[in-house]
Amino acid sequence: MTIEPRGGHQGGGHDHPDPGHRPEGNRSLDQGHPHAGGHPSGHPHPQSALTPQARAARQAELVSGLLGILPTAQVLHETEDLHPYECDGLSAYRQLPLAVALPDTADQVQAILRLCHRLQIPVVARGAGTGLSAGALPHPEGLLLSLARLKAILHIDPLARTARVQPGVRNLAISEAARPHGLYYAPDPSSQIACTIGGNVAENSGGVHCLKYGLTVHNLLRLEVITMDGERLTLGAEALDAPGYDLMALMTGSEGLLGVVVEITVRLLPLPERAQVLLAAYDDIGQAGAAVGAIIAAGIIPAGLEMMDNPAIRAAEAFVHAGYPTQAAAILLCELDGANEEVSQEILRVRQILLDSGATEVRTARDEAERLLFWKGRKAAFPAVGRLSPDYYCMDGTIPRRRLPEVLARIAAMSTDYGLPVANVFHAGDGNLHPLILYDANRPGELERTEELGGKILELCVEVGGTITGEHGVGTEKIDQMCVQFHPLELTQFHAVKAAFDPAGLLNPAKAVPTLHRCAEFGAMHVHANQLKFPELPRF
Amino acid sequence: MNQDLTQTLAARVASAQAEGRPLRIQGGGTKTWLGRAVAGEPLAVVDHRGILSYEPTELVITARAGTPLVEIEAALAERGQWLAFEPPHFSQSQFSTSHVSPGQISYGHISAGHISTPDSQGASQGAIQGDNPLPADPKGLPGAATLGGTIACGLSGPARPYAGAARDFVLGVRIINGKGEVLRFGGEVMKNVAGYDLSRLMAGAQGTLGVLLEVSLKVLPRPLAELTLTFELSPAEAIRRFNDWAGQPLPLSAACHDGERAYIRLAGNEAAVRAAQARLGGEVLGAQAPAGEDRDAADFWRAVRELGHPFFRQGAAPLWRLSLPPTAPLDSRLGSQFIDWGGAQRWVHGEHPLWPVAQAAGGHATCHGLKFGRVAHPDSAEAHLGPAVSTADAVNAGHAPPRAVSPGSREREPAAIPEAEVFQPLPLALLALHRRLKAALDPRGILNPGRIYPEL
């Protein structure tokens, strides 16, 4: 099992929402990284197209330029210094860059981008390195640009409810700084203790509370961005909108392909007066899914709404003893927050809905300790599953929730076909499904079969009207499945948009959007809702 | 009639692109004034209409762009849901169901009131009632706002600072780009980070990046209870209080100051609204209206949303919208102001361009021209769609003539509209990026050219 490097480095931050990390709640560390199982290095390093001599010359040219911008200690190029940066949270993919730059000002970032633009050297930006799609995988002929040292909280305006921060500030640090003012930053990916806000912007990170409070894109006001040619732009405003196109929305979730974000103004929300959680057990996973629909149909938008299937329940219970009913086919965790009186009223309504929907048992956390215990099992689901198997692989599809029973049945069938167990945890409120495939990389061919199964699960998500990634991003990992989700014309449109920002394609190359050539090699065909678009067109 | 005109529309765009002929995209024609004049042959999208899917428990609706907004809102209302960003319609029908007319709106029934909820029928309790956003004619009148126009213009109502903007609710779109290609971005699920977010980019792009064919929106349950409170506050004090309140866990859903009083709307479950009322005090708007007919609060906020409040109809000077940081100090040089969005949106009448003033205050300005100026007769269609002042008046006032739009003249000559600037000028580097992006989606510049800026 490979644990990715964490200490002091950084990253993308789009990963698993973690209900325990509420600003008013438990701030303990994850019990394990959601992807701690990871892949072993099953993927060969992408080879540089350059000869070793040419690569060395390129590296010397880059390092010499960087040393004109940064102090020596902030430019890494010895192989042993580069290793900590060879992967992000998806450690199956590893690559050494030519060099790592560690700027601590936006001006330095600008100078570095200008240098690389002049030298035509690819640049991969990196936050805390917690991303789960190999989006911060270095380029063999490129610079790894770490933004970890830009970690100042520049200004908190309690009256306007905004925080202006640098990209290397940790997600949770913003809420901690806002807390004395009764405010917090709502999006809370499970890696929030480590992941950076810059990475959150790059991935449009979610969190367990995003059904009610939105994704990163809904909680941003303004971005300072530097484009590959060194132009510094302000997108958005401290007002609620800005003239022209909504480039802030476009930049959010663009996985570091359009620009480098050097300053972020986020909106802060008042801390809710109270949060309360219910746990409901079901004999039938379809009933649990229907209960989610019934809660929403009753006009209630819970702060968090999570589902686990039986393998996930058993794994979590064995690990943290949260008191989960291990015979249940599924459990639901439903968190409500708001004014004290409001929560009291809603808890009763939700409890009744859960009972009416066939729950075999409904428990309300009696106190904060029990609330945290309920969440602890969910929070520990990934490492708990990791204990059952040498390795596991986490998928990240989103589906229309009403298709859940069908999707789970088909995943179970595929699981049997492949002989690989799958446990499911589900952000039930927003339809984001995380099947965890259990495997052993030491068995020959098992990693490949796991990836094949994972790919089929994502294609299933697309087929039922969903998407290949709800929150982890495409990165390197899911680039082939992009060929399934999008038509060649749509991919071509994405490339044209990219070229408007970065005509030479130097920012995070070969990530997020596949070339049509790659799709042709992958052999996948775009399918939307089981219908081929433009059946008259030739296919790649 | 619901129909799919995708192929027809795509073919027209493709042939226009082949010949380099600009197109002027037309929806319901209710917001033509929000932008520069477009010289081009009309491309009507109104007949491409129909709700394609709506699953209340998934909180998603998908409809063709020409679908009347009232039809969408009616479908949602049947299931107790709504578009939480409260899009303005600027349609004639918006006032037709109200028992008061714009310009005559009275909302003086102020007293301490009790709370009721829609499902308790209001009974003897009075005051709180959900704003029923459902106008009388869900079939949609000619000149009715469409879904496509709503998203293309990206406008949001009073709830915007608390519920989010139009773009925040966009989950996916299907568009025709400037090459006549039919493309789909985003989807019908809440979370989707595959590919660049071109769907939210369409909100506010006014059709210059693509012709909207279908839009998927996140919808939300309507609050179970609503209550509007009013306060005697100066505008400057109101700005301070609005911001202060927004930093507390209160169920705020709107906050404005009309130049005389402050109004805040609370929305949520009954307990939350009651608790907030107890904490905030103030007077309840509309408490004395007969049970079941309490439309005062709803009328008030609809008038704010539709710019039908008397404030917007005073004076012959153009109306400006200033979008500012919510805490920006009140600029008394600007004269009388209508403050909305908890301080983040301020309306003023002004003879001179306010772009520099807005920029200095950390925001931007949009010129809404004279459309919302003086009104001769509030019941006439002219009050909503017609020119508010004559061209001669405007010229005499030293201003560009109004963007005249009269009912039934949706196909009006572009020449009748002056090429006045509407939107805040962009910094040059940002404008250059806008131009490259426009070229990426519309290489020959045929989609609504010049609608936002001459260069796009």
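Residues numbered from 1 in each chain as written. Chains lettered and ligands numbered in written order. Predicted model: local features only at pLDDT ≥ 70, side-chain atom pairs only at ≥ 80, totals over all residues. Heavy atoms only, no water.

Trainee: Could you clarify how one ought to interpret the overall build of chain B in this entry?
Mentor: On a plain count of helices and strands, chain B comes out with eleven helices and 18 strands. Here chain B holds 456 residues, and 65% of them are scored as buried. If you take every contact in chain B between residues at least 6 apart in sequence, the share linking residues at least 24 apart comes to 72%. In the structure as shown, chain B presents an accessible area of about 15000 Å², 52% of it carried by carbon and sulfur atoms. (Helix = DSSP H or I, 4+ residues; strand = E, 2+ residues; numbered from the N terminus. Buried < 20%, exposed > 50% of the residue type's maximum accessible area, 1.4 Å probe, protein only. Contact = heavy atoms within 4.5 Å. Areas by Shrake-Rupley, 256 points an atom, 1.4 Å probe, with all protein chains shown as cover.)

Trainee: I keep staring at the overall build of chain A and nothing clicks. Help me out?
Mentor: Secondary structure assignment for chain A yields 17 helices and 19 strands. Within the span of chain A, comprising 540 residues, buried residues form 66% of the whole. Taking the contacts inside chain A whose residues are at least 6 apart along the sequence as the reference set, 75% of them involve residues at least 24 apart. As presented, chain A carries roughly 17100 Å² of accessible surface, and 53% of it is formed by carbon and sulfur atoms.

Trainee: It is not clear to me how the pairing of strand β8 (residues 182-186) of chain B should be interpreted in this structure. Could you clarify?
Mentor: Here is the key point about a regular strand: its side chains alternate between the two faces of the sheet. Residues and elements named next belong to chain B. Both strand β7 (residues 170-176) and β8 contribute to a ladder of five bridges, which runs antiparallel. Across the sheet, the residue bridging to Ile 175 is Leu 183, located in β8. Counted between consecutive antiparallel strands, the loop separating β7 from β8 contains five residues, among which Gly 180 sits at a positive phi close to 85°. (Pairing = 2+ DSSP bridges.)

Trainee: Could you clarify how one ought to interpret helix α13 (residues 404-418) of chain A in this entry?
Mentor: All names here are of chain A. The end-to-end C-alpha separation of α13 is 21 Å, in line with the 21 Å expected for 15 residues at 1.5 Å each. Residues Leu 404, Val 407, Leu 408, Ile 411, Met 414, Ser 415 and Tyr 418 constitute the buried set of α13. All buried residues of α13 project into a common sector of 125° when viewed along the axis, lining one side. In this structure, α13 carries Thr 416 and Asp 417 as exposed residues pointing more than 90 degrees from its buried face. (Expected span 1.5 Å × (residues − 1). Arc of directions from axis to C-beta.)

Trainee: I tried to follow the interface of chain A and chain B on my own but got confused; where do I start?
Mentor: Taken together, the contact between chain A and chain B spans 86 residues of the former and 72 residues of the latter. With both sides pooled, the region where chain A packs onto chain B buries about 6500 Å², and carbon together with sulfur makes up 62% of that total. Contact with chain B buries area across many residues of chain A, yet Leu 240, Tyr 245 and Gln 493 of chain A alone supply 13% of it, more than any other trio. At the boundary of chain A and chain B, one finds six salt bridges. Between Asp 430 of chain A and Lys 191 of chain B there is a salt bridge whose closest N-O contact spans 3.7 Å. (Buried area = accessible area lost by both parts, 1.4 Å probe. Salt bridge = Lys/Arg side-chain N within 4 Å of Asp/Glu carboxyl O.)

Trainee: What's the story with the state of the cysteines in this structure? I'm lost.
Mentor: A covalent bond bridging the sulfur atoms of two cysteines is what the word disulfide describes. Summed over all chains, the structure comprises one disulfide over all chains. For Cys 483 of chain A, the disulfide goes to Cys 519 of chain A, at an S-S distance of 2.1 Å. Linking Cys 483 of chain A and Cys 519 of chain A, the disulfide has an S-S dihedral of approximately -80° and is accordingly described as left-handed. In this pair, Cys 483 of chain A is assigned in helix α15 (residues 479-485) and Cys 519 of chain A in helix α17 (residues 516-522), connecting sequence segments 36 residues apart. Like Cys 519 of chain A, Cys 483 of chain A is buried. With no disulfide of its own, Cys 367 of chain B has Cys 153 of chain B as its nearest cysteine by sulfur position, at a separation of 15 Å. (Disulfide = S-S within 2.5 Å.)

Trainee: Which parts of the structure should I look at to understand the environment of Gly 450 of chain B?
Mentor: Residues and elements named next belong to chain B. Tracing the backbone through its elements, the reader meets Gly 450 in the segment after α11 (428-441). Relative accessible area serves as the criterion here: at 8%, Gly 450 is assigned to the buried category. Along the primary structure Gly 450 and Ala 238 are separated by 212 residues, whereas in three dimensions their C-alpha atoms are 38 Å apart. Every residue in contact with Gly 450, bar those within four places of it in the chain, is listed here: Arg 36, Ala 37 and Leu 456.

Trainee: I tried to follow empty space enclosed by the protein on my own but got confused; where do I start?
Mentor: Rolled over the atoms, a probe sized like a water molecule indicates the empty space that remains. Residue and element names in this part refer to chain A. A complete count under the given rule lists 16 cavities of 30 Å³ or more for this structure. Put simply, the second largest cavity is a space of about 300 Å³. As for the second largest cavity, its lining consists of 27 residues, and the residues nearest its centre are Ala 125, Gly 198, Gly 199, Ala 202 and Gly 256. Going through the elements one at a time, β3 (123-126), α5 (197-203) and β10 (260-267) are the ones with two or more residues in the lining of the second largest cavity. It is α5 that contributes the most residues to the lining of the second largest cavity, five residues altogether. Of the residues in the lining of the second largest cavity, the class split is nine nonpolar, 14 polar and four charged. (1 Å grid on protein atoms, 1.4 Å probe; cavity = no way out; pocket = protein on both sides within 12 Å on 5 of 7 lines; lining within 4 Å. Points joined across faces, edges and corners; volume = space filled by probe spheres on them. Nonpolar A, V, L, I, M, F, W, Y, C, P; charged D, E, K, R; others polar.)

Trainee: Please clarify how the pattern of salt bridges should be interpreted in this entry.
Mentor: Between side chains of opposite charge, a pair can form as their charged atoms come close. Counted according to the given criterion, the structure contains 50 salt bridges over all chains. With a shortest N-O distance of 2.7 Å, Glu 361 of chain A and Arg 363 of chain A are connected by a salt bridge. When its relative accessible area of 28% is taken as the criterion, Glu 361 of chain A is described as partly exposed. For Asp 442 of chain B, the salt bridge goes to Lys 438 of chain B, with nearest N and O atoms at 2.7 Å. According to the relative accessible area criterion, Lys 438 of chain B is buried, its value standing at 4%.

Trainee: Honestly, the sheet that holds strand β2 (residues 99-101) of chain A in this entry has me stumped. Any pointers?
Mentor: Sheet strands pair via backbone hydrogen bonds, and the direction of the pair is either parallel or antiparallel. All names here are of chain A. If you walk across this open sheet you meet the four strands as β1-β2-β4-β3, and the pairing is mixed. A single partner strand is all that each edge strand has here, and the edge strands are β1 (75-76) and β3. When β2 meets strand β4 (residues 143-146), the two strands line up parallel, connected through three bridges. The partner of Val 100 across the bridge, within β4, is Leu 144. The sheet strands contacting helix α1 (residues 52-67) are β1, β2 and β4, and the helix crosses β2 at an angle near 15°. This element, helix α3 (residues 106-119), spans β2, β3 and β4 of the sheet and lies at about 170° to β4. (Axes fitted to C-alpha atoms, helices over the stretch in contact; angles between N-to-C directions.)

Trainee: Can you walk me through the pairing of strand β18 (residues 422-427) of chain A in this structure?
Mentor: All names here are of chain A. Here β18 lies mainly inside the structure; six of its six residues are buried. Side chains of β18 alternate between two faces, with Val 422, Asn 424 and Phe 426 and Ala 423, Val 425 and His 427 buried alike. Inspection of the sheet shows strand β13 (residues 304-309) paired to β18 by two bridges, in the antiparallel sense. Considered in β18, the bridge of Met 307 is made with Phe 426. Linking β18 back to strand β19 (residues 432-439) in an antiparallel pair, the connection comprises four residues, with Gly 431 at a positive phi of about 75°.

Trainee: Please explain the packing of aromatic side chains as it appears in this structure.
Mentor: With the rule as written, the count across this model stands at 17 aromatic pairs over all chains. Centre to centre, the rings of Phe 300 of chain B and Trp 301 of chain B are 5.0 Å apart; their planes meet at 80°, and the pair counts as edge-to-face. For Phe 300 of chain B, a relative accessible area of 0% corresponds to the buried category. Relative accessible area serves as the criterion here: at 2%, Trp 301 of chain B is assigned to the buried category. One aromatic cluster is present, formed by Phe 486 and Phe 494 of chain A together with Phe 185 and Tyr 196 of chain B through successive ring pairs. When the ring centre of Trp 341 of chain B is taken as reference, the NZ or CZ atom of Arg 160 of chain B above it lies at 5.9 Å. (Phe/Tyr/Trp six-rings, centres within 6.5 Å; stacked < 30°, edge-to-face > 60°. Lys NZ or Arg CZ within 6 Å of the ring centre and 35° of its normal.)

Trainee: So what exactly am I meant to see when it comes to helix α7 (residues 270-280) of chain B here?
Mentor: Side chains three or four residues apart in an α-helix point the same way, a direct result of the helix having 3.6 residues per turn. For α7 of chain B, the full list of buried residues reads Ala 271, Ala 272, Val 273, Ala 275, Ala 276, Gln 277 and Leu 280 of chain B. Contacts made by the buried residues of α7 of chain B are with α10 (340-356) of chain A together with β11 (225-231), α6 (235-246), β13 (262-268) and β14 (283-285) of chain B. Structurally, the start of α7 of chain B carries an N-cap: the backbone nitrogen of Ala 271 of chain B is 3.1 Å from a side-chain oxygen of Asn 269 of chain B. Of the residues one or two after α7 of chain B, Gly 281 of chain B is the one with positive phi, at around 70°. (Polar contact = N/O pair within 3.5 Å; in protein donor to acceptor, adjacent residues only side chain to side chain.)

Trainee: Whenever I open this one, the sheet that holds β7 of chain B confuses me. Can you help?
Mentor: All names here are of chain B. Judged by pairing direction, the sheet is antiparallel, and its five strands sit side by side in the order β3-β4-β9-β7-β8 without closing on themselves. The strands lining the two open edges of the sheet, one partner per strand, are β3 (51-55) and β8. When strand polarity is set aside, the average angle formed by the axes of neighbouring strands in this sheet is 10°. Relative to strand β9 (residues 211-218), β7 is paired through six bridges, and the arrangement is antiparallel. Looking at β9, one finds that Val 170 is bridged to Leu 217. With respect to the sheet, helix α1 (residues 6-19) is in contact with β7, β8 and β9, its orientation differing from that of β7 by roughly 60°.

Trainee: Is there a simple way to explain the packing of helix α16 (residues 488-501) of chain A against α11 of chain B in this structure?
Mentor: Two measures define how a pair of helices packs: the angle their axes make with one another and the distance between the axes. At their nearest, the axes of α16 of chain A and α11 of chain B sit 8 Å apart, and the two run at 160° to each other. Taken together, the axes of α16 of chain A and α11 of chain B are roughly antiparallel relative to one another. In terms of crossing hand, the pair formed by α16 of chain A and α11 of chain B is right-handed. Between α16 of chain A and α11 of chain B, the contacting residues are Gln 493, Ala 496, Val 497, Ala 500 and Phe 501 of chain A on the first element and Leu 433, Arg 436, Leu 437, Ala 440 and Leu 441 of chain B on the second. (Parallel < 35°, antiparallel > 145°, perpendicular 65-115°, else oblique. Left-handed = near helix turned anticlockwise from the far one by under 90°.)

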